[in-house]
Amino acid sequence: MYWKCTDVRRFVCVLARSGFALLLLLIATRSLLADNCRVVHHPQPSEADTALLAGDYTKAVMLYQAALAKSPKDADLTIGLVHALLRQHKVLEAADALQASTKSAPDSSALTTLRGEIELRQGAPWKAVKTALASNTLDPCNPRTMLLLSRLAALNSQHATARKMLMKAHQIDSEDPEIRAEWIKTLPVEQRIPEMEAYLEAPRGDSADERRDLQTDLGHLKSWAGEPRKTCTMVSTAATAEIPFVPILSNSDQLIAFGLSVKVNDHAARLAIDTSYNPRLAIDGVSGLLISRAAARRSGLKSVFENDVLGTGTQAPRAGFVGIADSIAIGQVEFHNCAVQVMDVNFPNGADGVIGMQILSNFLITLDFPAKKLVLETLPIRPQEMVATDKLYNRYTAPAMKDYTPFFRSGSDVILPLSLNGSPPMLFVIDTAVGNSFASPGAGYELMTGHKDAKFESRNFGALRDATYTVQDAVLSFAGVSLKESPIFPFDTSRFTDDSGMEVSGMLGLKTLSRTTLHIDYRDGLLKFDYNPARKSPLSY
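Quantities reported herein were computed from a predicted structural model and do not represent experimental measurements. (Residues numbered from 1 in each chain as written. Predicted model: local features only at pLDDT ≥ 70, side-chain atom pairs only at ≥ 80, totals over all residues. Heavy atoms only, no water.)

Undergrad: Got a sec to walk through the environment of R115? Specific residues and values, please.
TA: Within the secondary structure, R115 is located in helix α7 (residues 109-121). You can call R115 partly exposed: its relative accessible area is 37%. Along the backbone, R115 and K127 are twelve residues apart, and their C-alpha atoms lie at a distance of 9.6 Å. Within the structure, the side chain of R115 is placed 3.3 Å from the side chain of T131, a separation counted as a polar contact. (Helix = DSSP H or I, 4+ residues; strand = E, 2+ residues; numbered from the N terminus. Buried < 20%, exposed > 50% of the residue type's maximum accessible area, 1.4 Å probe, protein only. Polar contact = N/O pair within 3.5 Å; in protein donor to acceptor, adjacent residues only side chain to side chain.)

Following this line, the structure appears as structure tokens:
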């Protein structure tokens, strides 16, 4: 099968190729999961390995490079070097290091999988899928290939396949820290707690910040497990619903955002719609609501555990807590016993907080911005022949949704390829909580100059302000829609990159989105944009 990619249709080809590669993945799952693989046992770590495991990435790079100077064909040294560089966010240098080694071993499964890991980190999951499948052909028992395929399948809402690949990877190599960490996340709370404690007893390659976050997650899980509670459940039976937006106004009474009136424990709260709000909580039953402490007080929410809420860009974390709401009502749709995140801040423009859309993932969600309303409809029923793995299913594209576009999902983030002014596709996250659309400093530089620069991997956005680029007169092409937008400002998107494990180059903001009607199927990772030039954005800017 062949697709010819030209001009603004390039992003469509990317998704088609990605979907085709994942179709191959699903067809080949049985052969991918070889039954006669030997269990991997790791040798004693070298000095370089020890530095990498301890999170001393600078020392590890130096030691791996010195060892490679003596043994340039040693694949294990190249793998260690590349992993240490990726930990430092030095993706361009990691790609160069791999390229130097693969010339002498083009048929190495280990190095081919490493190339797929770099391609995923570069924000090209469609390339990584093909590379991982090629590596699996070379060695169907490589657990790192299975881990990569698991991550790619999960991003593509192929949840059953992702689970199968991860469990097989763990069966072959339970000592690999990344495989072990992913496997731990699949366990029920009572098993996850002791496994996390054991994981944290020794260095596993995590940075100091990552170890701190894991310790925090462990404390949250212990508090959550010790709390008498019921399962977060949708208790209403409405198959459809239509809910008007509530306006979020500026200080001069201009419409700048859309919200919903949500009742938390029967107390009304005005919550701005935020498709990019990712709670990042290790517990289950998370609602996707983030409210102010004042709103929590009115609703009678009590703290189960304290929790800092991470910001985006240069925003610092803000203190708060997580509590359990007895009831959450969004129009005719009601949930009981769900976790709500609380933050010690007064939200601007009269809002009491934000609401992500993942709480409504049992429905086909329509955000009709021109008509200023939310529409909920029943999702298509899966065919009986679809088989679950650990109650997880792969994506189902019903005949009625054949014109929908697959998206990549990371937590609650909706990520899709976008071509800007005919450029090669980049990944953008849909963000209804920001006004303008943004591009990362590195993406802006690449769009303006035609090439990448390693200085933009520094994560020091403040130091790069004088070197960032604002894109004027842009044409954004995504999911079958092309819209003119100006300007595209620079913004630090590293939080989305870290959450998803792949380079996210920008954000589609409300100024762009509000000219469309957006349909989202979170269950299957599908979306569609309806754009009619005659229907104008209701926003005031």
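From this point, things continue past the structure.
Undergrad: Give me the lowdown on unusual backbone geometry, citing residues and values where you can.
TA: Following S486, the chain continues into P487 via a peptide bond in cis, with omega recorded as -5 degrees. The topology assignment puts P487 in the loop between β19 (481-485) and β20 (489-490). A positive phi angle, near 55 degrees, is found at R280, a position not held by glycine. Relative to the assigned elements, R280 resides in the loop between β5 (267-273) and β6 (286-292). Not every positive phi belongs to a glycine, and K391 is a case in point at roughly 65 degrees. Tracing the chain through its elements places K391 in the loop between β12 (373-378) and β13 (405-406).

Undergrad: I'd like to hear about the sheet that holds strand β22 (residues 516-521), residue by residue, with values.
TA: What the six strands build is an open sheet, ordered β2-β12-β11-β22-β23-β13; its pairing is antiparallel. For this open sheet the edge positions go to β2 (241-244) and β13, each flanked by a neighbour on one side alone. Relative to strand β23 (residues 526-531), β22 runs antiparallel, the two being bridged by six bridges. Among the inter-strand pairings, I520 is bridged to a residue of β23, identified as L527. (Pairing = 2+ DSSP bridges.)

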